Amino acid sequence: MDIQNPHDKFFKEVFSNKETATDYFKHFLPVEITRNIDFHTLKQDNNSYIDEELKEYFSDLIYRCRYRGKHPVNLVLLFEHKSYAPEYPHLQLLKYLLKIWETCLKQEKKLVPVVPLIFYHGKDKWEMKPFAEYFKDLDETLTAFIPEIRYLLTDLSRYSDEEIKLSVFESLRTKATLLVMKNAFDEEQLLKIFIDCLELDSLYFTEEKGLPYLEAVLRYLFANVEQLPIEEIQKKIAAISVRGGEIAMTLEEKLIEKGELKGIEKGKLEGKIEGKMETARRMKEERFDIPTISRITGLPQEEIEKL
């Protein structure tokens, strides 16, 4: 059984981190907005305004902040999780905005401006055009009655991997996330990108703050790659970080147990354990100490001593 909505889950896990969200906003918001936002006031709003109809198209993350020091504003990340552009995005967006403002009125609060950013990682380019263009052959008089429904768009299909690598992001998490999600539908390239990211900043993945992100990326890989060379990945991670190697191995076992690891049946777990025992035997022959063998293989020291 595959992990449900792995793209959505990964997106929310990554961009719920304030540092990553700030990095993303600073890069993709127009400079006229970023220079007036106090990012120190950025705070996630745990509410969601996605109803049964809208969840077919989007999931949301909302951040509140101050504009020009006094005006509250909502920065909304809308993740398009069907991986193709909806036919009338303005209509879905208008319904979403109305829900936010209706909530303001119900709570007897002032209306708050909303800046929507749509995040899209489908293969085909998103055709972005004004709402008025959906109405054919209108003169200026009638066009004046068509509302402007504006949004900002991050369309990863419009960027090459190299452009993302060279982008000026403050956080490796942001850069790696865009690269991984852009290549989510190309298994071979996705694996290559992951290894590139490991080598791009190996120090980050040895730090405590980097390890949870490493686990999030691994979950995403496990959910999206049918034939994942797990042992090769574990070795590469372990070469950079012993703790990272342990996380990769433990996570694999958990997902197999839950039946969530793509392409691997629960019954194969015994074979994986046998493989660990064989690895431990070889490491003992190479005179590795028992605590090190235990950290790398995840096996208890008592079992290793019996080998």
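Let me begin by describing the structure that accompanies this report.

Rules behind the numbers
- Residues numbered from 1 in each chain as written.
- Predicted model: local features only at pLDDT ≥ 70, side-chain atom pairs only at ≥ 80, totals over all residues.
- Heavy atoms only, no water.
- Axes fitted to C-alpha atoms, helices over the stretch in contact; angles between N-to-C directions.
- Helix = DSSP H or I, 4+ residues; strand = E, 2+ residues; numbered from the N terminus.
- Parallel < 35°, antiparallel > 145°, perpendicular 65-115°, else oblique.
- Contact = heavy atoms within 4.5 Å.
- Nonpolar A, V, L, I, M, F, W, Y, C, P; charged D, E, K, R; others polar.
- Salt bridge = Lys/Arg side-chain N within 4 Å of Asp/Glu carboxyl O.
- Buried < 20%, exposed > 50% of the residue type's maximum accessible area, 1.4 Å probe, protein only.
- Pairing = 2+ DSSP bridges.
- Right-handed = clockwise from strand over helix to strand, strands pointing away.
- Phe/Tyr/Trp six-rings, centres within 6.5 Å; stacked < 30°, edge-to-face > 60°.
- Lys NZ or Arg CZ within 6 Å of the ring centre and 35° of its normal.
- Patch = residues over 30% accessible without salt bridge, like charges linked within 9 Å, V, L, I, M, F, W, Y side chains within 5 Å.
- Areas by Shrake-Rupley, 256 points an atom, 1.4 Å probe, with all protein chains shown as cover.

## Details of the packing of helix H2 (residues 18–28) against helix H7 (residues 172–182)
Inference 1: Viewed as axis vectors pointing N to C, H2 and H7 meet at an angle of 70 degrees, and their least axial separation amounts to 8 Å. In terms of their interaxial angle, H2 and H7 are classed as roughly perpendicular. Contact with H2, carried on its side by Thr20, Asp23, Tyr24 and Phe28, involves Arg173, Thr174 and Leu178 of H7 and no other residues of that element.
Inference 2: Class assignment of the residues belonging to the contact of H2 with H7 gives a composition of three nonpolar, two polar and two charged.

## Observations concerning the pattern of salt bridges
Inference 1: Applying the stated criterion across every chain yields a total of seven salt bridges.
Inference 2: Close ionic contact of Lys95 with Glu53 constitutes a salt bridge, the shortest N to O distance being 2.5 Å. Of this pair, Lys95 sits in helix H4 (residues 89–106) while Glu53 sits in the loop between strand E1 (37–45) and strand E2 (58–67), placing them 42 residues apart in sequence.
Inference 3: Glu53 gets classed as partly exposed once you look at its relative accessible area, which sits at 44%.
Inference 4: For the salt bridge of Arg158 with Asp155, the shortest nitrogen-to-oxygen distance reads 3.2 Å.

## Considering unusual backbone geometry
Inference 1: Positive phi, normally seen in glycine, also occurs at Arg68, with a value near 55 degrees.
Inference 2: As for its placement among the helices and strands, Arg68 is situated in the loop between E2 and strand E3 (71–80).
Inference 3: In the Ramachandran plot, Glu108 falls in the positive-phi region, its phi being about 55 degrees despite a non-glycine side chain.
Inference 4: On the accessibility criterion, Glu108 (74% relative accessible area) is exposed.

## Overview of the sheet that holds strand E4 (residues 114–120)
Inference 1: The five strands are arranged E1-E2-E3-E4-E5 in an open sheet whose pairing can be described as mixed. The open sheet has two edge strands, E1 and strand E5 (152–155), and neither has a second partner. The sheet shows a mean angle of 25 degrees between the axes of neighbouring strands, direction not considered.
Inference 2: Set on the sheet, helix H1 (residues 6–15) makes contact with E2, E3 and E4; between it and E2 the angle comes to about 15 degrees.

## Let's talk about the pairing of E3
Inference 1: Of all 10 residues making up E3, eight are buried, and the element is well covered by its neighbours.
Inference 2: One ladder, built from 10 bridges, connects E2 with E3; its direction is antiparallel. Paired with Cys65 across the two strands is Val73, which belongs to E3.
Inference 3: Regarding the hand of the β-α-β motif, the stretch spanning E3, H4 and E4 is right-handed.

## What to know about the packing of aromatic side chains
Working definition: an aromatic ring pair is given by the centre-to-centre distance plus the angle between the planes.
Inference 1: One pass over the structure, following the stated rule, counts 20 aromatic pairs.
Inference 2: Between Phe79 and Phe119, the ring centres sit 6.0 Å apart and the planes meet at 45 degrees, which makes this aromatic pair tilted. One end of the pair, Phe79, is in strand E3; the other, Phe119, is in strand E4, with 40 residues separating them in the sequence.
Inference 3: We classify Phe119 as buried; its relative accessible area is 0%.
Inference 4: Every member of this aromatic cluster is reached through a ring pair, and the members are Phe11, Phe15, Tyr24, Phe25, Phe28, Tyr63, Phe79, Phe119, Tyr159 and Phe169.
Inference 5: One cation-aromatic arrangement involves Lys26 over Phe39; the distance from NZ or CZ to the ring centre is 5.4 Å.
Inference 6: The ring of Tyr134 has Lys129 sitting right over it, with the charged end atom 4.5 Å from the ring centre.

## So, a nonpolar patch on the surface
Inference 1: A cluster of nonpolar residues, Phe135, Leu138, Leu142 and Phe145, forms a patch on the protein surface that exposes about 410 Å² of accessible area.
Inference 2: Inspection of the secondary structure puts Phe145 in the loop between helix H5 (140–143) and E5.

## What about the environment of Ser294?
Inference 1: With respect to the element layout, Ser294 can be found in helix H13 (residues 290–297).
Inference 2: Exposure remark for Ser294: the relative accessible area of 15% places this residue in the buried category.
Inference 3: The sequence separation of Ser294 and Ala280 amounts to 14 residues, and the corresponding C-alpha distance is 8.0 Å.
Inference 4: Once residues within four sequence positions are removed from consideration, Ser294 is found in contact with Leu299, Pro300, Gln301 and Ile304.

## Some remarks on the pairing of E2
Every other side chain in a regular strand lies on the same face of the sheet, so the side chains alternate between the two faces.
Inference 1: The element E2 is largely enclosed, with a buried count of seven among its 10 residues.
Inference 2: Note: E1 against E2, five bridges, orientation antiparallel. Bridge pairing in E2 places Asp38 opposite Arg66.
Inference 3: A loop of three residues connects E2 with E3, the two strands running antiparallel in sequence, and Arg68 in this loop sits at a positive phi of about 55 degrees.

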